[in-house]
Amino acid sequence: MNKKILITGGAGFIGSHLVDLLVKKKFTVTVIDNLSSGNLNNLKDSIKKINFLKIDLSNQKELEKKLKNKSFDYCVHLAALADIVPSITNPDRYFNSNVVGTFNLLQIMRNKNLKKLIYSASSSCYGIPKKYPTSEAAEINPEYPYAITKRIAEELIEHWGKVYKIPYVSLRFFNVYGPRSRTSGTYGAVFGVFLAQKIANKPFTVVGDGNQTRDFTYVSDIVNAIYKSLTSRISNRIINIGSGKTYSINYLVKLLGGKKVTIPKRPGEPKCTFANINLAKKLLKWKPQVSLEVGVKKVLQNIHYWNNAPLWSPSSIKKETKEWFKLLK
Ligand code: UDP
């Protein structure tokens, strides 16, 4: 079996865990990453066994030059700018990276005879869902520029699947957490914010009453879902990947252990995210293995990873989210 695979964003959070798994599974791995939020340290266990290319997907000429003569059996497309706040202040950067970047990748992959392309889509496409648990059939209603760019790219993937016959699976991830989650300068996902606060012995900045809930999904479950999608016969499908449970922020605070301080509720934010994962169970024969209790323990064992993560306080968050509150209220 030929197992040549290209992983975009392979030096990032999910990407580096996937690289480690695929190296173990004897895939021939090529990673492209622009190292804007990814980090070569994340690849320290695998770097000697892979081919690493520093490329920005939005740079079509460079992409073409470096990948023109290479062949791949599979591609997993994880490279994207994440986080809501900077997407509101800088939508052009997000469009360029997430939409144009995906378009450029698809154009290159048209002639590669891929067996499968996996796309990391986002549950943020559902916006504020009307139904829980939320299935793939739910209405699409992105609330933020980040969410719409991830959704537009998913439509490109679907369309290239239809027109140019690139078999794809688009996985809609719900609130992924785990070791190596991003520690970049922007105000982002709750785990990074809370872990830096824990290290500094500062109170957790809990949004609103903390009773809102999230479908927190551990990174190894995400990576297993990607692996199952690659190796299954399923193609041209969009599939939710979540824990299939939903946990309150107050419960997360309890598991992490520490004091809390309240910050204002954010506009456009759902009260709950909660994936209906029946399709993943049925089509991929996949199910999540790591409970939040076990996942948080694993994260706390690796808390040193967040030593240099930015430390957010109610006042710096207020400043950083000013545009968000102004525009989306
Ligand atoms: N959250 C919080 N304090 C923070 C940042 C986030 O209480 O400083 C909460 C937020 O209200 C949400 C959850 O954590 O319910 C997850 O937020 P995140 O931004 O990680 O993901 P998303 O809102 O996109 O699901």
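It should be noted that the structure appears before, not after, this text.
Note that the structure is a prediction, hence the values are computed from the model and not measured.

What counts and how
- Residues numbered from 1 in each chain as written.
- Predicted model: local features only at pLDDT ≥ 70, side-chain atom pairs only at ≥ 80, totals over all residues.
- Heavy atoms only, no water.
- Helix = DSSP H or I, 4+ residues; strand = E, 2+ residues; numbered from the N terminus.
- Rg over C-alpha atoms; globule rule 2.2 N^0.38 Å.
- Buried < 20%, exposed > 50% of the residue type's maximum accessible area, 1.4 Å probe, protein only.
- Contact = heavy atoms within 4.5 Å.
- Near = heavy atom within 4 Å.
- Polar contact = N/O pair within 3.5 Å; in protein donor to acceptor, adjacent residues only side chain to side chain.
- Nonpolar A, V, L, I, M, F, W, Y, C, P; charged D, E, K, R; others polar.
- Core = buried A, V, L, I, M, F, W, Y, C linked by side-chain atoms within 4.5 Å.
- Pairing = 2+ DSSP bridges.
- Right-handed = clockwise from strand over helix to strand, strands pointing away.
- Phe/Tyr/Trp six-rings, centres within 6.5 Å; stacked < 30°, edge-to-face > 60°.
- Axes fitted to C-alpha atoms, helices over the stretch in contact; angles between N-to-C directions.

1. So, the overall build of the protein chain
Logical step 1: Along its length, the protein chain carries 12 helices and 13 strands.
Logical step 2: For the protein chain, the C-alpha radius of gyration of 19 Å lies close to 20 Å, the compact-globule estimate for 329 residues.
Logical step 3: Referenced to the eigenvectors of the C-alpha coordinate spread, the extents of the protein chain come out at roughly 55 × 40 × 40 Å.
Logical step 4: Within the protein chain, the proportion of its 329 residues that are buried is 52%.
Logical step 5: Of the contacts made within the protein chain by residues no fewer than 6 positions apart, 82% connect residues no fewer than 24 positions apart.

2. Focus: the site of the ligand
Logical step 1: Around the ligand, the surrounding shell holds 15 residues, and the nearest of these are Tyr187, Val190, Thr205, Arg214 and Glu269.
Logical step 2: For the ligand, an oxygen atom lies 2.7 Å from a polar atom in the side chain of Tyr187.
Logical step 3: Taking Val190, its main chain carries an N or O atom lying 2.8 Å from an oxygen atom of the ligand.
Logical step 4: For the shell around the ligand, the secondary-structure elements that each account for two or more residues are α6 (190-199) and β8 (204-207).
Logical step 5: For the shell around the ligand, a count of residues per class yields 9 nonpolar, 3 polar and 3 charged.

3. Regarding the nonpolar core
Logical step 1: Ranked by size, the top nonpolar core spans 72 residues in total, and within it Val29, Ile226, Ile239 and Ile241 carry the most contacts.
Logical step 2: If we skip the residues at most four places from it in the chain, Val29 touches Ile5, Ile7, Val19, Leu22, Val23, Ile50 and Asn51.

4. Some remarks on the environment of Lys260
Logical step 1: The residue Lys260 is located in strand β13 (residues 260-263) in this model.
Logical step 2: Residue classification places Lys260 among the partly exposed positions, given a relative accessible area of 47%.
Logical step 3: Linking Lys260 and Thr205, residues 55 residues apart in sequence, is a C-alpha distance of 6.0 Å.
Logical step 4: Those residues within four positions of Lys260 in sequence are excluded, and the remaining contacts are Pro203, Phe204, Val206, Asn250 and Val253.
Logical step 5: Here the side chain of Lys260 touches Asn250 through a polar contact of 2.9 Å, side chain to side chain.

5. Brief notes about the pairing of strand β5 (residues 116-122)
Logical step 1: Judged by how many residues are buried, β5 sits mostly within the fold: 7 of 7 residues are covered.
Logical step 2: Here β5 shows no split at all, with Lys116, Ile118, Ser120 and Ser122 on one side and Leu117, Tyr119 and Ala121 on the other all buried.
Logical step 3: With 6 bridges joining them, β5 and strand β6 (residues 168-173) adopt parallel strand pairing. Paired with Tyr119 across the two strands is Ser170, which belongs to β6.
Logical step 4: The parallel pair β5 and β6, bridged by helix α5 (residues 145-163), forms a crossover whose chirality is right-handed.

6. Describing the packing of aromatic side chains
Logical step 1: Going through the model one piece at a time under the given rule, you end up with 14 aromatic pairs.
Logical step 2: On the numbers, 5.7 Å between centres and 80 degrees between planes, the contact of Phe103 with Trp160 is edge-to-face. One end of the pair, Phe103, is in helix α4 (residues 91-109); the other, Trp160, is in helix α5, with 57 residues separating them in the sequence.
Logical step 3: Judged by its relative accessible area of 31%, Phe103 is partly exposed.
Logical step 4: Taken together, a centroid distance of 5.4 Å and an interplanar angle of 85 degrees make the contact between Phe191 and Phe216 edge-to-face. Residue Phe191 is located in helix α6, and its partner Phe216 is located in the loop between β9 (213-214) and β10 (217-218); the two are separated by 25 residues in the primary sequence. An identical accessibility class is assigned to Phe191 and Phe216; each is buried.
Logical step 5: Here the aromatic cluster, defined as three or more aromatic residues joined through ring pairs, consists of Tyr177, Phe191, Phe216 and Tyr218.

7. Considerations on the sheet that holds strand β1 (residues 4-8)
Logical step 1: The parallel open sheet is built from 7 strands, whose spatial order is β3-β2-β1-β4-β5-β6-β11. Two strands bound the open sheet, and with one partner strand each, they are β3 (51-54) and β11 (237-241). With direction set aside, neighbouring strand axes in the sheet form an average angle of 20 degrees.
Logical step 2: Taken together, the 4 bridges between strand β2 (residues 28-33) and β3 define a ladder with parallel strand orientation. Across the sheet, the residue bridging to Val31 is Phe52, located in β3.
Logical step 3: Lying over the sheet, α5 contacts β5, β6 and β11, oriented at roughly 155 degrees with respect to β5.
Logical step 4: Sitting on the sheet, helix α7 (residues 219-231) is in contact with β1, β4 (74-77), β5, β6 and β11, with an inclination near 165 degrees to β6.

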